[in-house]
Structure formats: C-alpha cells, structure tokens
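# Per-entry structural report
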Amino acid sequence: MAGRRRQGIDPLKKAFVKSYGCQMNAYDAARMADVLGAEGYAATDQVEEADVVVLNTCHIREKAAEKVYSELGRLRVLKGERAEAGRDTRIVVAGCVAQAEGAEILSRAQGVDVVVGPQSYHRLPALLAASREKRVVDTDFPVEDKFDHLPARRNRGVTGFLTVQEGCDKFCAFCVVPYTRGAEVSRSVAAIRAEAEAMVAAGVREITLIGQNVNAYHGAGADGAPASLAGLMAELGRIPDLLRLRYTTSHPNDMAEDLIAAHGSDPLLMPYLHLPVQSGSDRVLKAMNRKHTGDHYRALIARIRAARPDIALSSDFIVGFPGETEAEFEETMRLVADIGFASAFSFKYSPRPGTPAAEREDAVPEAVKSERLARLQGLLDAQRHAFNAATVGKVVEVLVEKAGRHPGQVAGKTPHLQAVQFDAPLAAIGTLVPVRIVQSGSNSLFGERVADAARAA
C-alpha cells in the first residue's frame, strides 16, 4: 500500500490548506483537506513542507483578493526554492476569487498550477494530476452535486460547520456571491442528517448550519416536500449527543415565522442570531437592493426578541456605500442605538468588479468612509463590551472546546457565543459545564466552575 499511487498523486506527500473569509470557506477548506486526505496527503500547518498548497479565497472585499495575490507572490518564491532542492510543489487557488477571476489568476500569478471554483473542488485530485501536463482552470458549475463526491469527514473538534445551502438569489448591488456561488441550492434533509450524525459520532457536540443565505433553506424532506430551516433543525435535534445548534448567515426577508418561533421553542437552538442589515438608511438600502427598510428590520428584531428575550444579536454594516450622505450614515447610527448588538462586523464599502454598485460614479471619499467607520465601530464596540460586562455574576453553560491559554485552563463558548476561559481538567472538553462569570476582558470572559465556587464558599 505504501507505494500505491492514485491519479498521479504521491500518497506520502503533505498538503497545506489556508482559508480566507466566511464560515462557508472554512467548511470548504476542511472538505478540500478531506479530499486530499483521501488521496494520501497528510495535513500540515507548515507551508514550507507542503507538496500541495491550497488557498481558499474570498472575493467579498478588494483587500481580501489582494491579500491572495500577495500570498501567491511569496509562494512562487517558496516553490522555486523547493524546486532547487528537487521537491515539486503544486499551488491551488480555490474559492470565490478563483471563480470570479479564473484564467486571469494564471496570468497574474505564474506559480499557480490549478484554479478551481467552489462548486468543483471535489475534482481536485484529477485537476492536480492534469496540472502536471499544463496549468488548469475549472470554474464550471457542474451538474453533479459535489457533496455526493466528497469523502467522509474527519473530526476536527467539538464544534463544526455543516453546509446546508449554497448560493444566493438576492443580488445585492454590492455583492459578488450570486456570481461566484451561483443560484440558491439546498441539500436534502436526509443528506444533512447523515453528515450531522457522522460529525456527532466523531465527537462534534455543536453544529453550525451554514449557507450564503441559510434561512432560505428549502431542501427536500422525508416526504419529498421542501423543508424549512426550522424543520431541518427539529430533525437534527433528534440526534443523540448533539448538544447545540446554530445557523448563519441569514437575510432579514427570509426570517419565516416558524424560524422565529424556533428561537423560543427549540432547546438546542442557541440564543444567538447573525442577521445582516448593512445600513439604517432606507434610500441606501434601496440602492443596495436589499428589499427591506430600517423599520422593517426593527420590527423583525422586536418579533424575534418576543420569542427569545435573551437573544444576542449580531449584524453586518457597510459604510460609505456610493452616494451615502452624512445624514444617511447617522440613520445607521440610530438603528444601532435603537437595537443594541452583542457583536457586529463593519466595513468600508469596497467596489467589486461586475456588481451594479461598482458602476456608480458617486463614490464616497476614502477619508470620509474611514471617519464614519471609526464612529460606527466605536458605538458597536461599546455595545459589545456592555453586553459582555452584563454577563459578570451570572451562571452560564459553557461548551468546553479546547485547552486554555494556561496550564489547568480550558476554553469554550456560552450560548451567546462568548468566549470563556476557566480552570478545569481537559476531561471537560466536549461537555457542558456551569460557569459563573467573574470577569469580562477585551475579547474573552473569565469564570469559575459553579462546583468550585461552592467549595470555596
């Protein structure tokens, strides 16, 4: 077996996979590692020793794409150094930059051997084999379902992502996802449950269901009829030893009533929701093609909080969208103040080629965008710190995920997705532990096990 070859790939070599961007990319990167593992590649976190290097890319913002090209420049040098030592290196660019730019990557980055889009990475072994003859680009949207061709997953921890839906039909004016990921497609309930059961059997205790627009999920149920995301979670809740469920990322217009109700009735669904709003200005939202208003979002949050009063909210914001005025930016600040967020992601608008917004000629000056972003992030950070500080003194259930920073310490997450560190044996990993929060740091909470606190008293 040691000398066996499959599709021209040496099974004794190593693979380095690096992912940029969203949770979908993190999932895809892990599955590409699984594909390469099935071909005999051992995973490595040292790029210098890798025989295959995969960069799984993000195209949401210009900086993300340019980071990839900078990385490819360094990898070209490394590839040359390894070649001088008689060691072959294959460089793969995968993901959304690959899908959007295709053959342009080959012309801009001479060291790249394979360019593969996010719907075709199950073909990676064949593409690597073909690249020994010539450089290869595969950015098709194949007819076959890539999930049917992926190998069994390998366990990588207590928590895990599970893709249930891909693509987006919303066509927001600033976003490349519909062009790089394609139309909305949902996996069947049976296929998702089978993958979830395998994850739990391998030690995963918390699953985050992911999709570009996950709450638009409509996969086939047992009776062949489309199931909702709430229905899917109810089915997954029957899996023994699964302790928690989450989902991300959602669109406000797809928050169905049964999903809102599930936040109050499903015991496995955690009280945390990432629901991007992008702006508080109705005119800007219309220009973004978001198809909702600020007040629609406020009313939706009120209904969600009625179902689950303690829910922690997260969102995405874009500042400096073309044509945004100071008054319109202040509407975003008012919306943030009205709602209150436990966490958020905020960015300056970055034009992406091929999107409608990129064609506009009323760009907001960079200096103005930077100043607005600083103000918005100041308010969001204050809300995040206040939310975390309010946890001090409370007892929360922490799902322990790993060893902590210091000996004798472990780390995990609260139901509200807050990072917590406390003293406990490593045997606690994978279990729920009641913890009293005693301190709120800049990025983590610190606590003590309730049993330890009772003994001390």
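Residues numbered from 1 in each chain as written. Predicted model: local features only at pLDDT ≥ 70, side-chain atom pairs only at ≥ 80, totals over all residues. Heavy atoms only, no water.

## Considering the pattern of salt bridges
Taken as a whole and assessed by the stated rule, the structure comprises 35 salt bridges. A salt bridge links Arg 246 to Glu 206, with the nearest nitrogen and oxygen atoms 3.1 Å apart. Of this pair, Arg 246 sits in strand S11 (residues 244-248) while Glu 206 sits in strand S10 (residues 206-210), and the two are 40 residues apart along the sequence. Given the relative accessible area of 6%, Arg 246 is considered buried. On the basis of relative accessibility, which here comes to 5%, the residue Glu 206 falls in the buried class. With a shortest N-O distance of 2.5 Å, Arg 308 and Asp 310 are connected by a salt bridge. Note on Arg 308: relative accessible area 22%, which makes it partly exposed. The class of Asp 310 is partly exposed, set by a relative accessible area of 34%. (Salt bridge = Lys/Arg side-chain N within 4 Å of Asp/Glu carboxyl O. Helix = DSSP H or I, 4+ residues; strand = E, 2+ residues; numbered from the N terminus. Buried < 20%, exposed > 50% of the residue type's maximum accessible area, 1.4 Å probe, protein only.)

## Re the nonpolar core
Formed by 48 residues in total, the largest nonpolar core has its most connected members in Ile 207, Leu 209 and Tyr 247. Setting aside anything within four residues of it in sequence, one finds Tyr 247 in contact with Thr 208, Leu 209, Val 214, Leu 229, Met 233, Met 255, Leu 259, His 263, Leu 269 and Leu 273. (Core = buried A, V, L, I, M, F, W, Y, C linked by side-chain atoms within 4.5 Å. Contact = heavy atoms within 4.5 Å.)

## Looking at the side chain of Ser 346
For Ser 346, the position within the fold is in strand S14 (residues 343-348). One polar contact links Ser 346 to Gln 377, side chain to side chain, over a distance of 3.1 Å. In contact with Ser 346, not counting residues within four places along its chain, are Phe 317, Leu 373, Leu 376, Gln 377 and Leu 380. (Polar contact = N/O pair within 3.5 Å; in protein donor to acceptor, adjacent residues only side chain to side chain.)

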